[in-house]
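# Observations on chain architecture
Spelled out, the chains give:
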Amino acid sequence: MRALAGALPSLLLRLLLTSSPEALGANPGLVARITDKGLEYVAHEGLVTLREELLRITLPDFTGDFKIKPFGRGHYEFHSQQIHSCELPGSTLTPLPGQGLSFTISDSFIRVQSEWKVRKSFVKLHGSLDVEVKGITISVNLLLGRELSGRPTVSATSCSSHIQDVEVDVSGDLGWLLNLFDNQIESKLRKALENKICERIQKSVASDLQPYLQTLPVTTEIDSFAGIDYSLTEAPRATAQMLDVMFKGEIFNRDRYSPVTFLAPVMSLPEDHNRMVYFAISDYVFNTASRVYHEAGHLNFSITDDMVPSGSTIRLTTKSFRPFAPRLARLYPNMNLELQGTMASAPFLNLSPGNLSLTPQMEIEGFVLLPSSVREPVFRLGVATNVSAMLTFNTSKITGALKPGKVQVELKESKVGVFNVELLEALLNYHVLNTLYPQVNEKLAEGFPLPLLKRIQLYDPVLEIHKRP
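Residues numbered from 1 in each chain as written. Predicted model: local features only at pLDDT ≥ 70, side-chain atom pairs only at ≥ 80, totals over all residues. Heavy atoms only, no water.

For the protein, an unreviewed UniProt entry supplies the name Lipopolysaccharide-binding protein and the organism Lynx canadensis. Looking at the Subcellular location (unreviewed entry) heading of the UniProt record, one finds this comment for the protein: "Secreted". Turning to the protein, the UniProt annotation filed under Function (unreviewed entry) states: "Plays a role in the innate immune response. Binds to the lipid A moiety of bacterial lipopolysaccharides (LPS), a glycolipid present in the outer membrane of all Gram-negative bacteria. Acts as an affinity enhancer for CD14, facilitating its association with LPS. Promotes the release of cytokines in response to bacterial lipopolysaccharide." (UniProt positions renumbered as here; feature names shortened; annotations may be inferred.)

Given below as structure tokens:
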């Protein structure tokens, strides 16, 4: 059973961005769905390691007395029994609704090599034989749960194995030995092997599969400031054809946690089973990120004159403002300005079919830098823009990029009279396009990791954006 906890080098991924704002509740921000195709792949990979586990089974020696014509009474010993080969031609891993998974192996074959000794009085015979154990059926029920830390748990609640037939291959005229095996050994070997198979599987579930599930990250570092909470919101949910794993998916401040004031929407995954794995990510995940970085002031910015490119039609000096803000130039002659930008609120992601966008609302306050190093506020601007968002992902991470729209500026308040903001609008568009968004996109390119077990690799991803009406 360690195969279910072993390396899974290739899984398909389909990423679905889903928003259902009309149905809010204590819902996960991210759901991983493993379809019947994915479970079939896991079952196939599981056979590889299960075969290794069965080859490790050690069988007991069988000794006793016998009475067989024409030898009469004697003593036998079958010892040094080893499983020489094991064939597992097929397996299934199916959901058990409300419980977990059922792992079944059928029509399997094991070859056992054994040494034998027979003694009657002073006569001793010995040799070796091959035992073919055919038609082995194994069935294991796996209960999936969730521990308090939010990690998944697994336990084998039941295991059964059944051997259909046992055949002995002995060369020479040793029919009496076959009779001895049939009468004394076959039933003991059946019972011992059936018990050993389930014993080995249950041990492997506890010592290999359960620790492997513990490699699923509960919290993952995004950067030195933020992390993402991937704790399970409930035990993995098995239905007729799939297994859903629900993650909290909340991005948080690693130094100072504060509760989120909005809820994750209900997500509805399409009833599609063409892929092995589907990840459904709601806008909740991205909006918690926006909230955290906004609250920490990471979305704020400032522009000073030394940041304005040479040759620009406007400088951040009162002299440069003279043509359209003469009062500012008269009250504060030959002084530099600073623009301080803040987000009015955390910009939330808007989802529509095939499209992601944000509409950040900013406030920019203009300051005169007085000779005394005091910053004198002189005007306040309202800034609006529409930003397109693009998401990409590789085998383990989701990354993004923003494509800015045109910045629109409105004069909200002025202590130096009404003035035309068109030149400031041009300056802000230049700064946003050439400084602010490249910095943001550099950060988004680092991305954040998907919740994956150790050694899992994903390939052939497809991105779709869905929004329920």
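Having put the structure on the table, let's press on.
The next subject is the overall build of the protein. In terms of helices and strands, the protein carries 5 helices and 25 strands. Looking at the protein as a whole, 49% of its 469 residues qualify as buried. The long-range fraction of contacts in the protein, counting pairs at least 24 apart against all pairs at least 6 apart in sequence, stands at 70%. Element-wise, carbon and sulfur atoms account for 51% of the exposed surface of the protein, whose accessible area totals about 22,600 Å². (Helix = DSSP H or I, 4+ residues; strand = E, 2+ residues; numbered from the N terminus. Buried < 20%, exposed > 50% of the residue type's maximum accessible area, 1.4 Å probe, protein only. Contact = heavy atoms within 4.5 Å. Areas by Shrake-Rupley, 256 points an atom, 1.4 Å probe, with all protein chains shown as cover.)

To continue, consider the packing of aromatic side chains. In the structure shown here, the tally under the stated rule is 11 aromatic pairs. Measuring from ring centre to ring centre gives 6.5 Å for Phe321 and Phe419, while their planes differ by 70°; the resulting arrangement is edge-to-face. You can see Phe321 sitting in the loop between strand 15 (301–304) and helix 4 (326–331) and its partner Phe419 sitting in the loop between strand 23 (408–414) and helix 5 (422–446), a full 98 residues away along the chain. For Phe419, a relative accessible area of 6% corresponds to the buried category. In this structure an aromatic cluster arises from ring pairing among Phe321, Phe324, Phe379 and Phe419. (Phe/Tyr/Trp six-rings, centres within 6.5 Å; stacked < 30°, edge-to-face > 60°.)

It is worth spelling out the pairing of strand 13 (residues 250–253) at this point. Every second residue of strand 13 is oriented toward a common face, with Glu250 and Phe252 on one face and Ile251 and Asn253 on the other, all of them buried. For strand 10 (residues 226–229) and strand 13, the ladder comprises 4 bridges, and the chain directions are antiparallel. Bridging from a neighbouring strand, Asp229 pairs with Glu250 of strand 13. (Pairing = 2+ DSSP bridges.)

This next bit is on the sheet that holds strand 23. Reading across from one edge, 15-16-19-20-23 is the order of the 5 strands in this open sheet, with antiparallel pairing throughout. Looking at which strands have only one partner, the edges of the open sheet turn out to be strand 15 and strand 23. Pairwise comparison of adjacent strand axes, ignoring direction, gives a mean angle of 25° for this sheet. Bridge analysis of strand 16 (residues 336–343) against strand 19 (residues 361–369) gives 8 bridges, and the strand direction is antiparallel. Bridge pairing in strand 19 links Asn336 to Leu369. Against the sheet, helix 5 makes contact with strand 15, strand 16, strand 19, strand 20 (375–384) and strand 23, and its axis sits at roughly 120° relative to strand 15, the strand it touches most. (Axes fitted to C-alpha atoms, helices over the stretch in contact; angles between N-to-C directions.)

Take the state of the cysteines next. Any covalent bond linking the sulfur atoms of two cysteines counts as a disulfide. Counted according to the given criterion, the structure contains 1 disulfide. Residue Cys159 pairs covalently with Cys198 via a disulfide, S to S 2.2 Å. For the disulfide bridge between Cys159 and Cys198, the dihedral angle about the S-S bond is near -85°, and by the sign convention the bridge is left-handed. Placement of Cys159 in strand 8 (residues 152–169) and of Cys198 in helix 2 (residues 175–213) is noted, with a sequence separation of 39 residues between them. (Disulfide = S-S within 2.5 Å.)

What follows deals with the nonpolar core. Of all hydrophobic cores here, the largest spans 116 residues; its most connected members are Leu193, Phe321, Leu328 and Leu339. Here the element with the most residues in this core is helix 2; it accounts for 10 residues. Counting contributing residues per domain, this core is built from domain 1 (36–214) and domain 2 (219–449), each supplying no fewer than three. For Leu339, the residues in contact, after removing those within four places along its chain, are Phe301, Ser302, Ile303, Leu316, Ile364, Glu365, Gly366, Phe379, Leu424, Leu427 and Leu428. By size, the runner-up hydrophobic cluster in this structure holds 6 residues, among which are Val31, Met246, Leu269 and Tyr278. (Core = buried A, V, L, I, M, F, W, Y, C linked by side-chain atoms within 4.5 Å. Domains from an automatic or database assignment.)

Most of strand 2 (residues 30–35) is tucked away, with 5 of its 6 residues classed as buried. Pairing analysis gives 6 bridges linking strand 2 to strand 12 (residues 242–247), with the strands arranged antiparallel. Residue pairing in the sheet places Arg33 in a bridge with Asp244 of strand 12. Pairing of strand 2 with strand 14 (residues 277–282), which is carried by 5 bridges, proceeds in the antiparallel orientation.

Non-glycine residue Ser80 carries a positive phi angle of around 55°. Mapping Ser80 onto the fold places it in strand 4 (residues 72–87). Of the residues examined, Ser80 reaches a relative accessible area of 45% and is grouped as partly exposed. We note that Ser373 has phi near 75°; this positive angle belongs to a residue other than glycine.

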